[in-house]
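The primary structure of each chain is shown beneath.
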Amino acid sequence: MTLSKITTADIRTTQRVAEIAWFNDIIGGDTDYLGVLDSARRSSFDHCRDITLEAERLGFSNILYPTAYTVGQDVLTITSALAQETSEITFLAAIRTGEIHPPMLARALASLDHQLKGRLILNIINSDLPGTRENADFRYQRCTEVIEILKQAWTQDRIQFKGEIYNFDMPADPVKPYQNGGPLLYFGGTSDGSREVCAKHCDVFLMWPESEEAMYATMQDMTARAAKYGRKIDFGLRIHVVARETQEEARAYAKKLISKFDEKRAAEIRARGEDSRSLGVIRQDEFRKTADDDGYTEEILWTHIGKVFSGCGSGLVGSAEQIVSKLNRYMDMGFRAFIFSGFPLIEEANHFAELVLPHLPNVSLPRLYDKIPAEIPATPLTTAELV
């Protein structure tokens, strides 16, 4: 079931545009067949570099670097390494709060922001630290405090913070960023605690695919929460995609992707993620139950991906015309950022770039938000007087 009438949510970006991003395999999982670990596409530095450079060449404005305790690449390390090999694409770097001492995290991110000359966005992650089971309220508090410390570090002369977990009074000179006020903050989460963190502190609320009604209800809830703090936010959608010239071709490819599915092996892969027990993943599992025997709901939304991967569990599978039409509906609802992926990543990026990307109003949200200065800013890392 889809919305019969769409009214755009009360969002920050009123222009009918969208930031079109691709996904990088720095945590592993790139493959020809869902549920089959592909040694030829393992998460090596070279493979992840190739994905990034291809995404930039194809015209994607952004690329997501996720985080997980799996075989693969560290987010900050590989982002720093590839900063000098790229010139246009923005890096959406996932940061799990609590992993790094906040002032040193602020310093690392400011340094990275300068390396990229502002081509940096942060995806704030609030899951359990790897190997732990943490109290949810503690995680929300820690996440809030880290964000507040980062913002102080980027915008004030001193970090003067006194919270339940962290307490600092120190100069902010070592952590001044390239961007005006520091990078944009993207955030995803289904629980009330997570939604409050995003509504109060972040710029873009990231969602996973559900029915149009369910996603629109979430958007209405989030706009109301943000309004309590005198704020407006934007919305992003993380979703897989199989784009072909015809729907028949796309469905045939999706069928091939799942043709080597093994339930036991898939369960092992799903369990690796720190988010595998989250409320968001439970909602993805429940949504999958509404699909037909082939895994489809809302005509071109395919849910079988969630049988293998925790997190984003669905993808758009259809002709270019069908996918563009669906994305236009999502933009009408209020989505202003999309993070796509496909299996395998490089090959599917090319299909998408050829068939779909030219028909989308692709923008860079940091540039749209005037985050990136026109000239090199005067900071302690550039030309400001050292004291």
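In this report, we go over the structure that sits alongside the text. (Residues numbered from 1 in each chain as written. Predicted model: local features only at pLDDT ≥ 70, side-chain atom pairs only at ≥ 80, totals over all residues. Heavy atoms only, no water.)

### Topic: the overall build of the protein
As a reminder of what qualifies: The helix and strand labels rest on DSSP assignments: H or I over at least four residues marks a helix, E over at least two residues marks a strand, and numbering proceeds from the N terminus. As defined in this context, the radius of gyration uses C-alpha atoms, and a globule is described by 2.2 Å times the residue total to the power 0.38. In what follows, residue pairs with any heavy atoms lying within 4.5 Å of each other are defined as contacts. A 1.4 Å probe and the Shrake-Rupley method give the accessible areas. Residues count as covered only by the protein chains that appear here.
A tally of helices and strands in the protein yields twelve helices and 13 strands. Over its C-alpha atoms the protein spans a radius of gyration of 20 Å, differing by no more than 12% from the 21 Å that the globule rule assigns to 387 residues. If one aligns the C-alpha atoms of the protein with their principal axes, the spans along those axes are about 65 × 45 × 40 Å. Counting contacts in the protein only where the partners sit at least 6 residues apart, residues at least 24 apart contribute 76% of the total. Accessible surface computed for the protein: about 16,400 Å², of which carbon and sulfur atoms make up 49%.

### Some thoughts on unusual backbone geometry
Looking along the chain, the bond that leaves phenylalanine 343 and enters proline 344 is cis, with omega of -10°. Looking at the secondary structure, you find proline 344 in the loop between β13 (335–341) and α11 (345–355). Located in the positive-phi region is lysine 117, a residue other than glycine, with phi close to 50°. Within the chain, aspartate 370 stands out as a residue other than glycine whose phi angle is a positive 60°. Structurally, aspartate 370 is set in the segment after α12 (365–368).

### Here's the deal with the pattern of salt bridges
Selection criterion: Think of a salt bridge as a Lys or Arg side-chain nitrogen and an Asp or Glu carboxyl oxygen that are within 4 Å of each other.
On inspection of all chains with the given rule, the structure shows 22 salt bridges. Residues lysine 232 and aspartate 10 are paired through a salt bridge, measuring 2.9 Å at the closest nitrogen-oxygen approach. In this pair, lysine 232 is assigned in the loop between α6 (212–228) and β9 (234–244) and aspartate 10 in the segment before β1 (19–23), connecting sequence segments 222 residues apart. For the salt bridge of aspartate 221 with arginine 195, the shortest nitrogen-to-oxygen distance reads 2.8 Å.

### Considering the pairing of strand β2 (residues 62–65)
Quick reminder of the rule: Only protein chains enter the accessibility calculation, which uses a 1.4 Å probe; a residue whose area is less than 20% of its type maximum is buried, one above 50% is exposed, and one in between is partly exposed. Here, a strand pair is defined by DSSP locating no fewer than two bridges between the strands. By convention a crossover is right-handed if, when the strands point away from the viewer, the path from the first strand over the helix to the second runs clockwise.
Burial of β2 is two-sided: the residues Asn62 and Leu64 facing one way and the residues Ile63 and Tyr65 facing the other way are all buried. Two strands pair when backbone bridges link them, and β1 and β2 are joined in this way by three bridges, in the parallel orientation. Bridge pairing in β2 links phenylalanine 23 to leucine 64. Regarding the hand of the β-α-β motif, the stretch spanning β1, helix α1 (residues 45–58) and β2 is right-handed.

### Quick word on the layout of surface pockets
Condition: Cavity means a closed set of points on a 1 Å grid over the protein atoms alone, one where a 1.4 Å probe fits but cannot get out, pocket means an open set with protein on both sides within 12 Å along at least 5 of 7 lines, and lining means a residue has an atom within 4 Å of a point. Grid points are joined across faces, edges and corners, and a volume is the space filled by probe spheres set on the points.
Here the second largest pocket defines a volume of roughly 280 Å³. If you tally residues by element for the lining of the second largest pocket, the top one is strand β3 (residues 90–96), at three residues.

### Regarding α1
Quick note on the threshold: Expected helix span is given by 1.5 Å per residue-to-residue step, counting one fewer step than there are residues.
In this model, α1 (14 residues) spans 20 Å end to end at C-alpha, consistent with the 20 Å of a helix rising 1.5 Å per residue. Along α1, the positions that sit buried rather than exposed are His47, Cys48, Ile51, Thr52, Glu54, Ala55, Glu56 and Leu58. Close packing links the buried residues of α1 with β1, β2, α2 (75–83), β3 and α11. Glycine 59, located one to two residues past α1, shows a positive phi value of around 105°.

### Focus: the packing of α1 against α11
Which entries qualify depends on this criterion: To get an axis, a line is fitted to the C-alpha atoms, and for a helix only the part in contact is used. The angle between two axes follows their N-to-C directions and goes from 0 to 180 degrees. With respect to orientation, any angle under 35 degrees is reported as roughly parallel, any angle over 145 as roughly antiparallel, any angle of 65 to 115 as roughly perpendicular, and every other angle as oblique. Residues are grouped as follows: Ala, Val, Leu, Ile, Met, Phe, Trp, Tyr, Cys and Pro are nonpolar; Asp, Glu, Lys and Arg are charged; all remaining types, including Gly, are polar.
Between α1 and α11, the shortest axis-to-axis distance is 10 Å and the interhelical angle comes to 5°. Considering their axes alone, α1 and α11 lie roughly parallel with respect to each other. Residues His47, Asp50, Ile51, Glu54, Arg57 and Leu58 of α1 touch α11, and the partners they reach there are Leu345, Ile346, Ala349, Asn350 and Ala353. Partitioned by chemical class, the residues of the contact of α1 with α11 number six nonpolar, two polar and three charged.

### A closer look at the environment of isoleucine 125
Relative to the helices and strands, isoleucine 125 is located in strand β4 (residues 120–125). With 50 residues separating them along the chain, isoleucine 125 and valine 175 place their C-alpha atoms 21 Å apart. In contact with isoleucine 125, other than residues within four places in its own chain, are Thr67, Ala94, Ile95, Arg96 and Thr97.

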